[in-house]
There are 2 protein chains.
Amino acid sequence: MQKLDVSLAERSYPIYIDRGLLGQDLIRGHVRGNQVMVVTNETIAPLYLDAVTRGLGDLQCDTLILPDGEQHKTLATLERIFDALMAHRHSRTTTLVALGGGVIGDMVGFAAACYQRGVDFIQVPTTLLAQVDSSVGGKTAVNHPRGKNMIGAFHQPRAVVIDTAVLDTLPEREFAAGMAEVIKYGLIRDPEFFQWLLDNQAALAARDTAPVAEAILRSCRNKAEVVAADETEQGNRALLNLGHTFGHAMETFTGYRDWLHGEAVSAGMVMAARMSLELGWLKQADLDRVSDSLAAWKLPVTAPEGMARADFSELMALDKKVQNGRLRLVLLNQIGDALVTGEYDPNALTRTLEAFCER
Amino acid sequence: MQKLDVSLAERSYPIYIDRGLLGQDLIRGHVRGNQVMVVTNETIAPLYLDAVTRGLGDLQCDTLILPDGEQHKTLATLERIFDALMAHRHSRTTTLVALGGGVIGDMVGFAAACYQRGVDFIQVPTTLLAQVDSSVGGKTAVNHPRGKNMIGAFHQPRAVVIDTAVLDTLPEREFAAGMAEVIKYGLIRDPEFFQWLLDNQAALAARDTAPVAEAILRSCRNKAEVVAADETEQGNRALLNLGHTFGHAMETFTGYRDWLHGEAVSAGMVMAARMSLELGWLKQADLDRVSDSLAAWKLPVTAPEGMARADFSELMALDKKVQNGRLRLVLLNQIGDALVTGEYDPNALTRTLEAFCER
């Protein structure tokens, strides 16, 4: 078993990575009170809910099964979690367990942040994307109809338990979506990892145990380092949002339905790379490497059909990274070296949108 | 003008107290970005909204007017605040201004805690209760149908601006409800203040400027000291909840409609004092002093009509102060000296409920 720590003083917590962790007592070991509620979705419940609750039998253990999908990441679904907690009389010493992908993790984490002004929660991510990104770092949220993750909190989990065996049941498309965030770490701060991912593409696509665990470990280590240095995104944590401002606009445009989050991030990272090229920072060959690394996973590298420049402008103006009217973007100096800036020639953004949109 | 500081390291902030502060530039001086949204209710808007917005003319200043009343302190109303912020494209650098009583302050504060994972807000309390209690200390929340303040966050304001002139329009019943929380500070930690309040009862009831300002100042000072020592209620901050566990049960029983919060706290403090008597901690003469000090303001000192012992037991079991199945209560060693404890003879609670309920 691999163990990493996210170092945040009294809010520090471990990340465990191995095959078969759901059958062990790691979750139980991080519950401090005598109540626990496992929240999952309709897809995951039949596969893994029993394995998780089996180890919690000495506690008051309640379960809640939510519908699956980003379109359910709303205040209305959040209210269902509060209703269940109140109905089963969960107190301030309860622990929520988020068993699922990024949607479950973000939503359960936010419920834990707000219930009685804050209770414990444990992340048990079941998608590659959640394992390498959303379960680590304490960003929690639900979506607003006009924008993704607009309502949320910083609330760190007590532990992250990553059982790589759950990836055996993950659909190919979801696995690829997770790879978009894995590749992201290479692009923003770890050029060696980017090269390693290219070199191990075939083994990763075959989901060989060792390289998949290695990719998760290196992703989590990158994430943990960034989060430890800037928990609430006052500075460099924003680098983790490479491709996300473009990506969120595409997700909102497609109603959180047609594209997976990782797919939108993939196309968004290509747009960020293209804009970096327009600014004269990135070479054409590097833009091609970025695009090819994602296309190899059959991830989208262009904007959704029918999305116009005006749609991007409209939706990106609502992004959380707008500060006093200026849109800050994550761009690339080179592969493995990203920066956050609002200081750029706006024409480069215009040309980028022109390149990606028909009108 | 009186100025107090709530000392919380980088989250420290000032409380300003004086007549006529709404017409000054104090609110403007604590706005860091270029957007502000003033959220108020239908009762307060015609009285004071203009005075507040007049000083914010150089900013993007939007307003939102919500219905008045504790029954609207819900997730559904919270969503209206998010909708307005998104519709007017407020960014992470916006500032919310909570212009109203405790309901507005708690709800706007919670909206500020969650919007884009946290934006600035300024408290401009317009009831005595909000001025002396709820606007100070960063507790924010909305109610759940099954329990008060069950969904919320700790989120400190940038400033609290208390214009005592707004009390001129406050109904007598609301003024008295605020006095319940003022008297609370005397009961839990400031016996001299308790005596001062008795001595100045007539002048306070006549709303004489100087004694009212003095009562607010001494209340806020007590609150600020308690909060500075224990921001997130790991310990002695819970003393501020004297009467609140009983009170919340009464508010929930009456559907947040019939009783004002301060009225429920008044009856709840008498119940806490009675239980302290049952435990042999408080003398009968002191219980009478507590009860008389509240009755002098025509505040309730008995339970609501029709509320049975079983209703209390049921509703108090959901209180946030339940830890691992044990209900912790704030009780009185003597007037001016409270304690929080789960270590008490449960029969004393039973006898207290018997004394206050017909069945």
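Treat the numbers as computed from the prediction; the structure is a model and nothing was measured. (Residues numbered from 1 in each chain as written. Chains lettered and ligands numbered in written order. Predicted model: local features only at pLDDT ≥ 70, side-chain atom pairs only at ≥ 80, totals over all residues. Heavy atoms only, no water.)

> So what's going on with the pairing of strand 12 (residues 329–334) of chain B? Which residues, and what values?
All names here are of chain B. By the bridge criterion, 5 bridges tie strand 12 to strand 13 (residues 337–341) in an arrangement that is antiparallel. Residue pairing across strands places V330 opposite V340, the latter belonging to strand 13. Between strand 12 and strand 13, which follow one another and run antiparallel, lie 2 residues, and G336 among them has a positive phi close to 95°. (Pairing = 2+ DSSP bridges. Helix = DSSP H or I, 4+ residues; strand = E, 2+ residues; numbered from the N terminus.)

> Break down the relation of the copies chain A and chain B for me, citing the residues and quoting the values.
Turning chain A through 180° and shifting it by 0.0 Å along the axis lays it on chain B, with an RMSD of 0.0 Å. Taken together, the rotation angle and the small translation identify this as a two-fold axis. Within chain A, L75 of chain A has its C-alpha nearest the rotation axis, a separation of 4.0 Å. Most of the interface of chain A is mirrored in chain B, where 100% of its interface residues again form contacts. (Least-squares fit on C-alpha atoms with pLDDT ≥ 70 in both. Contact = heavy atoms within 4.5 Å.)

> Outline the interface of chain A and chain B, listing residues and values.
With 38 residues of chain A in contact, the opposing surface of chain B contributes 38 residues. Around 3,700 Å² of area is buried between chain A and chain B when both sides are counted, 54% of it from carbon and sulfur atoms. When residues of chain A are sorted by the area they lose upon contact with chain B, M86, R89 and R117 of chain A head the list and together hold 23% of the total. Across the salt bridge formed by E314 of chain B and R89 of chain A, the nearest N and O atoms sit 3.0 Å from each other. Put simply, chain A and chain B have 10 residue pairs in polar contact (both at pLDDT 80 or more) between them. Sort the elements by how many residues they give to the side of chain A that touches chain B and strand 8 (residues 147–154) of chain A lands first, with 7 residues. Residue composition of the side of chain A that touches chain B, by class: 16 nonpolar, 12 polar and 10 charged. (Buried area = accessible area lost by both parts, 1.4 Å probe. Salt bridge = Lys/Arg side-chain N within 4 Å of Asp/Glu carboxyl O. Polar contact = N/O pair within 3.5 Å; in protein donor to acceptor, adjacent residues only side chain to side chain. Nonpolar A, V, L, I, M, F, W, Y, C, P; charged D, E, K, R; others polar.)

> Report on the sheet that holds strand 6 (residues 120–125) of chain A, specifying residues and quantitative values.
Residue and element names in this part refer to chain A. The 7 strands are arranged 1-2-9-6-5-3-4 in an open sheet whose pairing can be described as mixed. Strands with a single pairing partner mark the edges of an open sheet, and in this sheet they are strand 1 (2–6) and strand 4 (60–66). For this sheet, the mean inter-axis angle between neighbouring strands, taken without regard to orientation, is 15°. Here strand 5 (residues 95–100) runs beside strand 6; their pairing, made up of 6 bridges, is parallel. Of the residues in strand 6, the one forming a bridge with V97 is I122. Each of strand 3 (35–41), strand 4 and strand 5 touches helix 2 (residues 45–54); the most contacted strand, strand 3, lies at about 165° to it. Lying on the sheet, helix 9 (residues 209–229) is in contact with strand 1, strand 2 (13–18) and strand 9 (159–163); it crosses strand 1 at an angle near 15°. (Axes fitted to C-alpha atoms, helices over the stretch in contact; angles between N-to-C directions.)

> Give a detailed account of the UniProt feature "binding site: Zn(2+)" (unreviewed entry) in chain A, specifying residues and quantitative values.
All names here are of chain A. Following the UniProt record, one finds the feature "binding site: Zn(2+)" (unreviewed entry) at E181, H244 and H261. A stretch of 81 residues holds the annotated residues, and the largest C-alpha distance among them is 10.3 Å, short enough that they meet in one place. Relative to the helices and strands, H244 resides in helix 10 (residues 244–253). Of the residues examined, H244 reaches a relative accessible area of 6% and is grouped as buried. Those residues in contact with H244, other than ones at most four positions away along the chain, are E181, K184, H261 and V265. Within the secondary structure, H261 sits in helix 11 (residues 261–278). Of the residues examined, H261 reaches a relative accessible area of 16% and is grouped as buried. (UniProt positions renumbered as here; feature names shortened; annotations may be inferred. Buried < 20%, exposed > 50% of the residue type's maximum accessible area, 1.4 Å probe, protein only.)

> Tell me what's going on with the UniProt feature "domain: 3-dehydroquinate synthase N-terminal" (unreviewed entry) in chain A, and back it up with residues and numbers.
As annotated by UniProt and renumbered to match this structure, "domain: 3-dehydroquinate synthase N-terminal" (unreviewed entry) occupies residues 64–176 of chain A. Helix makes up 34% of residues 64–176 of chain A and strand makes up 30%, while its end C-alpha atoms are separated by 28 Å.

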